[in-house]
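Spelled out, the chains give:
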Amino acid sequence: MTNTNDHEGSVAPRAGVEQVQRIGAWKVTMWLPLDSTSGNPREIRIEPHEDGDLQEVARGITSTVLRQIDTASFAEEVGSLAELAHSGQQAVENFRRELAGLPKGVSDEYLAVLSALYVRFVNAGRRAPAQDLELWTGTKQATLKGHLRAARQRGFLTKVEGKAGGQLTDKAVETLRGINVEQVRQP
């Protein structure tokens, strides 16, 4: 079972859980988005396994192969992930409420909180911190990139040439004092 952000054949990355089973000459891939309320797969992809018997593949997918797909074990494994995703969604909603409580617009407080969350994602090794910020803030990535640029220009976040990164400045740390940033510390 793997947690995927990229799904073959899709235009945009999709967060979800994927499990691969081998049934004879076939590779069966089941996928479920993290926001699903059910443990059953939303998609099942059946394709020839790279080591599959060519004669069996030539006969096509039979009803025997379909009956052997074990969706019950998938649902069992996904159950705990669904609980984790639900608690993660709750944290995102709580963070968005806290963000909404800050002064309106691109305020110093907003930029300090955004910078702190961004640094948290970068330090956690996230490959696409702007994508994570979009999920947590509900703001489009292009807008967030402009806000991060403003955070750097206004002295909340240091610059790193050519890649994602940076550190909070003393100004950002000072601004964060007195703001409830518990959700920023533990996304």
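Residues numbered from 1 in each chain as written. Predicted model: local features only at pLDDT ≥ 70, side-chain atom pairs only at ≥ 80, totals over all residues. Heavy atoms only, no water.

Engineer: So what's going on with the packing of aromatic side chains? Which residues, and what values?
Structural biologist: Per the counting criterion, the structure on display carries one aromatic pair. Here the aromatic rings of F121 and W136 are separated by 6.4 Å at their centres, their planes lie at 55°, and the arrangement is tilted. Highlighted residues: F121 in helix 4 (residues 108-123) and W136 in helix 5 (residues 129-137), separated in sequence by 15 residues. Take F121: its relative accessible area is 7%, and that puts it in the buried class. Between the NZ or CZ atom of K171 and the centre of the ring of F156, over which it lies, the distance is 4.7 Å. (Phe/Tyr/Trp six-rings, centres within 6.5 Å; stacked < 30°, edge-to-face > 60°. Helix = DSSP H or I, 4+ residues; strand = E, 2+ residues; numbered from the N terminus. Buried < 20%, exposed > 50% of the residue type's maximum accessible area, 1.4 Å probe, protein only. Lys NZ or Arg CZ within 6 Å of the ring centre and 35° of its normal.)

Engineer: Any chance you could break down the pairing of strand 3 (residues 26-33) for me, citing the residues and the numbers?
Structural biologist: In terms of residue burial, strand 3 counts as a mostly covered element, since seven of its eight residues are buried. Two strands pair when backbone bridges link them, and strand 2 (residues 16-23) and strand 3 are joined in this way by eight bridges, in the antiparallel orientation. By the bridge assignment, R22 is partnered in strand 3 with K27. Hairpin connection between strand 2 and strand 3: a loop of two residues separates the two successive antiparallel strands, and G24 in this loop has a positive phi of roughly 60°. (Pairing = 2+ DSSP bridges.)

Engineer: Explain the packing of helix 4 against helix 6 (residues 141-153) residue by residue, including any values.
Structural biologist: It is at 10 Å that the axes of helix 4 and helix 6 come closest, and there the two elements cross at 105°. Relative to helix 6, the element helix 4 is oriented roughly perpendicular. For the pair helix 4 and helix 6, contact is made by Y110, L111, L114, S115 and Y118 and by L144, H147, L148, A150, A151 and R152, respectively. Of the residues contributing to the contact of helix 4 with helix 6, the split by class is eight nonpolar, two polar and one charged. (Axes fitted to C-alpha atoms, helices over the stretch in contact; angles between N-to-C directions. Parallel < 35°, antiparallel > 145°, perpendicular 65-115°, else oblique. Contact = heavy atoms within 4.5 Å. Nonpolar A, V, L, I, M, F, W, Y, C, P; charged D, E, K, R; others polar.)

Engineer: Can you explain helix 4? Please cite residues and give values.
Structural biologist: Side chains that are three or four residues apart share a direction in an α-helix, a result of its 3.6 residues per turn. Spanning 16 residues, helix 4 covers 22 Å between terminal C-alpha atoms, matching the ideal 22 Å at 1.5 Å per step. Inspection of helix 4 places Y110, L111, A112, V113, L114, S115, A116, L117, Y118, V119 and F121 among the buried residues, and these make up the whole buried set. A positive phi of about 85° marks G125, the residue just after helix 4. (Expected span 1.5 Å × (residues − 1).)

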